[in-house]
Amino acid sequence: MRMTKQEFLTSSGLQVQVLEFWLEQHWLIPEESAGELHFQDIDIARAHLIRGLKDDLGANDEGIDVILHLMDQVHGLRRALVELRQQIGGGRG
Amino acid sequence: MKNPYEVLGVAQTASAAEIQSAYRKLAKKLHPDLNPGDKAAEEKFKEVAGAYDLLSDADKRKRFDAGEIDASGAERPQHHYYRDFASSDQGNPYADASGFADFMDEDDALAEFLRRSQRTRANRRGQDLHYHLAVDFVDSITGATQRLNLPDGSTIDVKIPPGLVDGQTLRLKGKGAPGTGKGGPGDALIEIEVRPDRRFTREGDDITLELPISLTEAVLGGPVRVPTPTGDVTMSVPKGSNTGTKLRLRGKGAPRRGGGQGDQFVRLKVVLPKTPDPELEAFVSTWKGKDYNPREGAAS
């Protein structure tokens, strides 16, 4: 589902200043077209993740930077593995 | 469910700070998003999170200690984690190839494969997908929401704008094939077919309806119910109306581009009773005007 900035704020429960900071840090990178930001479900899930890391696990802003960077690499690797598996014919489609 | 103190590995006398610290220690190991490939982590984490939810709430903890509530139902409800989205086929715009970028520099089959897969993945917008949707005439005038079933089993709710014409194409942004990287999805292009209606025909913004009226209504006039796309209205038929007489219902047509509405035209059609009526026959044969010839003076 595509969301406007306002819909994203409502759905994620984030304060607008918090969102601005996260955007500045590139923790969230929504699509942008014609000067409007468009958020997806994955951005909501990522916002919940960041909140959980801060509130539940006690990670600070520096820590979030590191965690997200490594996590994005893990998912990039997993994606490459999935494609490789498909390529060698062992995948499910 | 297990004893929450045991789950977190703390004593029953543990302070709130000790409970939080124990939870954090476990969550750092078990959080499903920190274990994207470990299915079992989610189950374990649910247990730990449930125990923490119970013990971190002073009131709930007191009631649990007093034996008023038990630990069942303390599990957190089903939850979607970031990893569920990050590894979906929709593509993850955040996924980063820098973790294996060095492999791509090598000169072997794996490097070749990775380079190729990166090229096709790099921020490409998804394809536009074409669909066909048949819409009822009335919905095409008033607007509606109609569900479109896609070949993959999913559905899109298509908003039909009022006044849509046959053959028009609607573009639903972002409803096409998923893109790659930050490319974003393509659009769904939906060609609309307006199903013909038994009653209404459309010309431009105007709608025409043929309305049968009785002989009595034609001769004496009077109010009749007329269907329009937005519901029935009452219209008065003037005295002495004829088959072919056209009446106008202002603003009951299709919405005009740029505002306003077209009109609905009602073409009257005088209809005699289905079975011959002896009384009517007797009346007409004694009717003074019976020799009126509508063909008189018409070109032969």
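If you're wondering where the values come from, they're calculated on a predicted model, not measured in any experiment.

(A) Summary view of the overall build of chain A. If you tally the helices and strands in chain A, you get four helices and two strands. A total of 93 residues make up chain A; the buried ones form 40% of that total. Partitioning the intrachain contacts of chain A with sequence separation of at least 6 by distance along the chain shows that 48% fall at a separation of at least 24. Accessible surface, chain A: about 5200 Å² in total, of which carbon and sulfur atoms supply 52%.

(B) Layout of the nonpolar core. By size, the foremost hydrophobic cluster in this structure holds 47 residues, and its most contacted members are Phe8 and Leu19 of chain A together with Leu8 and Tyr82 of chain B. In this structure tyrosine 82 of chain B touches Ile42, Ala45, Arg46, Leu49, Met71, Asp72 and His75 of chain A together with Asp33, Asn92 and Tyr94 of chain B, once residues within four positions along its chain are discounted. Residues Met235, Val237, Leu247 and Ala254 of chain B belong to the second largest nonpolar core, which totals 33 residues.

(C) Quick look at the pairing of strand β3 (residues 155-160) of chain B. Residues and elements named next belong to chain B. What you see with β3 is a clean split: Ile156, Val158 and Ile160 sit on the buried side and Thr155, Asp157 and Lys159 on the side with no burial. Where strand β2 (residues 144-149) meets β3, six bridges bridge the pair, whose relative direction is antiparallel. By the bridge assignment for β3, asparagine 149 is matched with threonine 155. Hairpin connection between β2 and β3: a loop of five residues separates the two successive antiparallel strands, and glycine 153 in this loop has a positive phi of roughly 95°.

(D) Spatial organisation of the sheet that holds strand β7 (residues 206-214) of chain B. Residues and elements named next belong to chain B. The four strands are arranged β6-β7-β11-β10 in an open sheet whose pairing can be described as mixed. Strands with a single pairing partner mark the edges of an open sheet, and in this sheet they are β6 (200-203) and β10 (246-249). With direction set aside, neighbouring strand axes in the sheet form an average angle of 30°. Note: β10 against strand β11 (residues 264-271), four bridges, orientation antiparallel. Counted as the bridge partner of leucine 249 is glutamine 264 from β11.

(E) Spatial organisation of a nonpolar patch on the surface. Taken together, Leu215, Val219, Leu220 and Leu272 of chain B make up a surface patch of nonpolar side chains, about 360 Å² in accessible area. Along the chain, leucine 272 of chain B turns up in the loop between β11 and α10 (278-286).

(F) Region of the structure containing the sheet that holds strand β4 (residues 169-172) of chain B. Residues and elements named next belong to chain B. An order of β1-β5-β4 is seen for the three strands of this open sheet, with the pairing classed as mixed. Each having just a single partner strand, β1 (129-135) and β4 make up the two edges of the open sheet. Taken over all neighbouring pairs, the strand axes of this sheet differ in orientation by 30° on average, direction set aside. Relative to strand β5 (residues 188-194), β1 runs parallel, the two sharing seven bridges. Within β5, the position partnered with leucine 129 by the bridge is alanine 188.

(G) Highlighting the interface of chain A and chain B. Between chain A and chain B, the contact holds 33 residues from the first and 34 residues from the second. Among the residues chain A hides against chain B, the three largest losses belong to Ile42, Leu57 and His75 of chain A. Together they make up 22% of the total. Taken together, the links from chain A to chain B amount to zero salt bridges. Between chain A and chain B we count five residue pairs in polar contact (both at pLDDT 80 or more) in total.

(H) Just helix α1 (residues 5-12) of chain A, in detail. Residues and elements named next belong to chain A. For α1, the set of buried residues is Phe8, Leu9 and Ser12. Seen from one end, α1 has its buried residues packed into an arc of 100°, which puts them on one side. Of the exposed residues in α1, the ones pointing more than 90 degrees away from its buried face are Gln6 and Thr10. Each element contacted by the buried residues of α1 is listed here: α2 (16-24) and α3 (41-55).

(I) Representation of the pattern of salt bridges in the model. Summed over the entire model, instances satisfying the criterion amount to 17 salt bridges over all chains. One salt bridge connects aspartate 72 of chain A with arginine 46 of chain A, and the closest N-O pair in it is separated by 3.0 Å. In this pair, aspartate 72 of chain A sits in helix α4 (residues 61-87) while arginine 46 of chain A sits in helix α3, placing the two residues 26 residues apart along the sequence. Judged by its relative accessible area of 2%, arginine 46 of chain A falls in the buried class. For lysine 269 of chain B, the salt bridge is made with glutamate 210 of chain B, and the minimal N-O distance between the two is 3.9 Å. One end of the pair, lysine 269 of chain B, is in strand β11; the other, glutamate 210 of chain B, is in strand β7, with 59 residues separating them in the sequence. The class of lysine 269 of chain B is partly exposed, set by a relative accessible area of 36%.

(J) Representation of the packing of α1 of chain A against α2 of chain A. All names here are of chain A. Where α1 contacts α2, the two axes come as close as 11 Å, and the packing angle between them is 110°. By the angle class used here, α1 and α2 are roughly perpendicular. Where α1 approaches α2, its residues Lys5, Phe8 and Leu9 are matched on the opposing element by Val16, Leu19 and Glu20. In terms of residue class, the contact of α1 with α2 is made up of four nonpolar, no polar and two charged.

(K) Spotlight on α2 of chain A. All names here are of chain A. If you check which residues of α2 are buried, you get Leu19, Trp22 and Leu23. The buried residues of α2 occupy an angular sector of 100° when the element is viewed end-on, so they sit on one face. Among the exposed residues of α2, those pointing more than 90 degrees away from its buried face are Gln17 and Glu24. In the core, the buried residues of α2 are packed alongside α1, β2 (36-38) and α3. The positive-phi residue at the C-terminal boundary of α2 is histidine 26, with phi of around 65°.

Cut-offs and rules
- Residues numbered from 1 in each chain as written.
- Chains lettered and ligands numbered in written order.
- Predicted model: local features only at pLDDT ≥ 70, side-chain atom pairs only at ≥ 80, totals over all residues.
- Heavy atoms only, no water.
- Helix = DSSP H or I, 4+ residues; strand = E, 2+ residues; numbered from the N terminus.
- Buried < 20%, exposed > 50% of the residue type's maximum accessible area, 1.4 Å probe, protein only.
- Contact = heavy atoms within 4.5 Å.
- Areas by Shrake-Rupley, 256 points an atom, 1.4 Å probe, with all protein chains shown as cover.
- Core = buried A, V, L, I, M, F, W, Y, C linked by side-chain atoms within 4.5 Å.
- Pairing = 2+ DSSP bridges.
- Axes fitted to C-alpha atoms, helices over the stretch in contact; angles between N-to-C directions.
- Patch = residues over 30% accessible without salt bridge, like charges linked within 9 Å, V, L, I, M, F, W, Y side chains within 5 Å.
- Salt bridge = Lys/Arg side-chain N within 4 Å of Asp/Glu carboxyl O.
- Buried area = accessible area lost by both parts, 1.4 Å probe.
- Polar contact = N/O pair within 3.5 Å; in protein donor to acceptor, adjacent residues only side chain to side chain.
- Arc of directions from axis to C-beta.
- Parallel < 35°, antiparallel > 145°, perpendicular 65-115°, else oblique.
- Nonpolar A, V, L, I, M, F, W, Y, C, P; charged D, E, K, R; others polar.

Note that every value here comes from positions in space, so none of it alone points to a role or purpose.
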